[in-house]
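Survey of secondary and tertiary structure
Residues per chain, in single letters:
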Amino acid sequence: MNGSAIAASGLRKANKDKIVLDGVNRFRMPRVFRGVAVTALAAALLAGAATPGVAAADSRSLPKAAAGQDRPELQKAVQAFVDRGYAGLQMRVHDQRGEWAGSAGVRKLGQSAKPPTNGRFWVGSITKTFTATVVLQLVAEGKIGLDAPVAGYLPKLGLDRRITVRMLLRHTSGLFNYTGEYYDDGTVVPGIPAVGKEWVDNRFRTYRPQELVRLALSKPARFEPGTDQSYSNTNYTLALLLIEKVTGRSYAEEMQRRILRPLGLRGTVVPGVRPQLPGPHAHGYYRYQDAGQWKVVDVTRQNLSLLAGAGDMISTTQDLQTFVSALMGGKLLPAPLLAEMRKPHGKLGYGLGLFVQDLGPNCGGTVFQHNGSPPGGYGALMYSSPDGSKTLTASVTTGDAAVDQAQEFPKALEKLLKAVFCGGQGD
C-alpha cells in the first residue's frame, strides 16, 4: 500500500474516533486540514520536521502586554507539534489574560530560525468561513435568498434547481467534490490532481472557477440535494461565482470591501493565481512518492486557484484572531443570520461555514471552528468561544520526516485545545 492509501485509510479511521478530554466528556475529533478532501489531506500532511529551533514568544512582533506573558502551558503545547515531527508551529491565543503568541520548530529546513509569529501562511479551508460570511451579508441585504435555488442566480451552469444557497454553505448539495470523492467502502473517484506527484508536477497550474464547477457537474452527484451531508469544495467555489454574479464585482474586491478593509486585515490576501507568500513566512514541504522513491519538495509557492473560494486565501494568526472575534461578536452579521451560521447540521456538525464542537463543561462547552490546509505544506487552525473573547489561531508547517498524520495530529491538537480551552490541562 502506498503512502496516499495509508493516509486515506488512517484518516477515515481517525475521523470515527472520539477523544477523551476530561475523562468524562467526549467530542468527535474535528475534521482538521480540509483544504482538499477529507482523505486526500492526510496524504498531503504525511510529512514532518527537521531539527527544531528554540520555542519562545517573539517579542519583536507582539504588543508589550502579549510579549511579557509567561504562558508555559501554551509554549509546551506548541512544542508538542514539533516533538511529533512537524516542521514548525506559530500560535496566537487571546483570552481573559490578554494576548499571547509564540512559535516552535524551524522557519526553513536546514536553518535554526523559528517560524515568525507574524508570518503569513496559506489558510486552506478557513477561506470557507470568509466566503460564507460574504454570502450571508448579501442575504442580509436582500440580494440573495438563503433558501433560493442557486440555479436562479447562475442559470448557465445547469444546476439542479433543488440546490439552495443554504445547501452550498452547509455541504448538503450532494455535488461532486472536484478534488475527488472518497467513499466509505474505499472507492475513490478522482478529480483534479490534489495529492502525490501529480499535484507536485501541476502545483503552478491555473484553474478558473467555472472550470472547477463544470468538472464537478460532469460527475454523478453524491446524493440527492438535501438528503445527506458531504464536505465538498465545489459548494464554495459556486458560492464565489454567486458572489460575483450578484455584486458585479470580483470575489477579491468584495472580500476587500466587506471584510478585509473594514477590519484592517492587512496581512490577509486573496491571491488569485499568484503563487507566492508575501512578507515574512515559514516554509512548507511535501513528502511524496515518485517511482517508488520518497522525495521532499518545498511547496511554499503554490497556485491555489485550485481551491477558488474554498481554500485559497493567505492570512496571519493576528488577522484570523481579529476576524473570528469580530464574527462571533456580531460585528459582521445581524444576530439572526449569525445564529443560522452557528447552527450545527448533519453528521459533520457543520453550520454555514463553521464547525460546531462541544469540548465539554470543563473546557468551556461549545467552540466554533474551521481549520484548513492547501494540498501540501501548511495547516491552519481557527477556534473561538461563542462570544469571541477566547480564540486560538495557528499555522503548522510540515517538513521532511515521515509522520503518521492520522495518529500524531489528533494527539498534538488535543494537547493544544486542552492548554487553551481547558485551563491549561495540557497533559
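In this text, all values refer to a predicted model and were calculated from it rather than measured experimentally.

Some points on the side chain of Thr172
Considering the arrangement of structural elements, one finds Thr172 in the loop between helix H6 (165–169) and strand E6 (181–182). If near-sequence neighbours (up to four positions away) are discounted, Thr172 is found in contact with Met167, Phe223, Pro225, Gly226, Asp228, Gln229 and His345.

Notes on the side chain of Thr268
Relative to the helices and strands, Thr268 is located in the loop between helix H10 (251–263) and strand E8 (285–290). Each residue touching Thr268, except ones within four places of it in the same chain, is listed here: Gln256, Leu260, Met313, Ile314, Ser315 and Asp319.

Points about the environment of Asp387
Here Asp387 lies in the loop between strand E13 (378–384) and strand E14 (391–397). Each C-alpha atom, one on Asp387 and one on Phe368, is 9.9 Å from the other, the two residues being 19 residues apart in sequence. What Asp387 contacts, discounting residues up to four positions off in sequence, is Met328 and Gly329. For Asp387, the side chain forms a polar contact with the side chain of Ser385, separated by 2.9 Å. Within the structure, the side chain of Asp387 is placed 2.7 Å from the side chain of Ser389, a separation counted as a polar contact.

A few points about the sheet that holds E13
Pairing within the open sheet is antiparallel, and its six strands lie in the order E4-E3-E14-E13-E12-E11. Each edge of the open sheet is held by one strand with a lone partner, namely strand E4 (98–105) and strand E11 (355–358). With direction set aside, neighbouring strand axes in the sheet form an average angle of 20°. Sheet contacts for helix H13 (residues 405–421): strand E3 (88–95), E11, strand E12 (366–369), E13 and E14; angle to E13, the most-contacted strand, approximately 30°.

Description of helix H9 (residues 233–247)
Taking 1.5 Å per residue, 15 residues should reach 21 Å; H9 reaches 22 Å between its end C-alpha atoms and fits that length. With twelve of 15 residues buried, H9 lies mostly within the body of the structure. Asn233, Thr234, Asn235, Tyr236, Thr237, Leu238, Ala239, Leu240, Leu241, Leu242, Ile243 and Thr247 are the residues of H9 that are buried. Its buried side turned inward, H9 meets helix H5 (127–140), H6, helix H8 (209–217) and H10.

Looking at the pattern of salt bridges
As enumerated under the stated definition, the model contains 21 salt bridges in all. Linking Arg97 and Glu73 is a salt bridge whose minimum nitrogen-to-oxygen distance equals 3.9 Å. One end of the pair, Arg97, is in the loop between E3 and E4; the other, Glu73, is in helix H4 (residues 72–83), and 24 residues separate them in sequence. Overall, the relative accessible area of 47% leaves Arg97 in the partly exposed class. In this structure, Asp228 and Lys347 form a salt bridge, with 3.3 Å as the shortest nitrogen-oxygen distance. Within this pair, whereas Asp228 is found in the loop between H8 and H9, its partner Lys347 is found in the loop between helix H12 (335–341) and E11, the two being separated by 119 residues in sequence. On the basis of relative accessibility, which here comes to 34%, the residue Asp228 falls in the partly exposed class. In the salt-bridge network here, residues are joined through shared partners; they are Glu141, Lys143, Arg249, Glu254, Arg257 and Arg258.

Here we look at the pairing of E13
Of all seven residues in E13, seven are buried; the element is thus mostly enclosed. Taking every second residue as pointing to the same face, both faces of E13 are buried, with Tyr378, Ala380, Met382 and Ser384 on one and Gly379, Leu381 and Tyr383 on the other. Here E12 runs beside E13; their pairing, made up of two bridges, is antiparallel. Bridge pairing in E13 links Phe368 to Ser384. As judged from the seven bridges shared by E13 and E14, these two strands associate in the antiparallel manner. Across the sheet, residue Gly379 finds its bridge partner in E14, namely Val396. As consecutive antiparallel partners, E13 and E14 are separated by six residues, and within that stretch Gly388 has a phi angle of approximately 80°, a positive value.

Rules used in this analysis
- Residues numbered from 1 in each chain as written.
- Predicted model: local features only at pLDDT ≥ 70, side-chain atom pairs only at ≥ 80, totals over all residues.
- Heavy atoms only, no water.
- Helix = DSSP H or I, 4+ residues; strand = E, 2+ residues; numbered from the N terminus.
- Contact = heavy atoms within 4.5 Å.
- Polar contact = N/O pair within 3.5 Å; in protein donor to acceptor, adjacent residues only side chain to side chain.
- Pairing = 2+ DSSP bridges.
- Axes fitted to C-alpha atoms, helices over the stretch in contact; angles between N-to-C directions.
- Expected span 1.5 Å × (residues − 1).
- Buried < 20%, exposed > 50% of the residue type's maximum accessible area, 1.4 Å probe, protein only.
- Salt bridge = Lys/Arg side-chain N within 4 Å of Asp/Glu carboxyl O.

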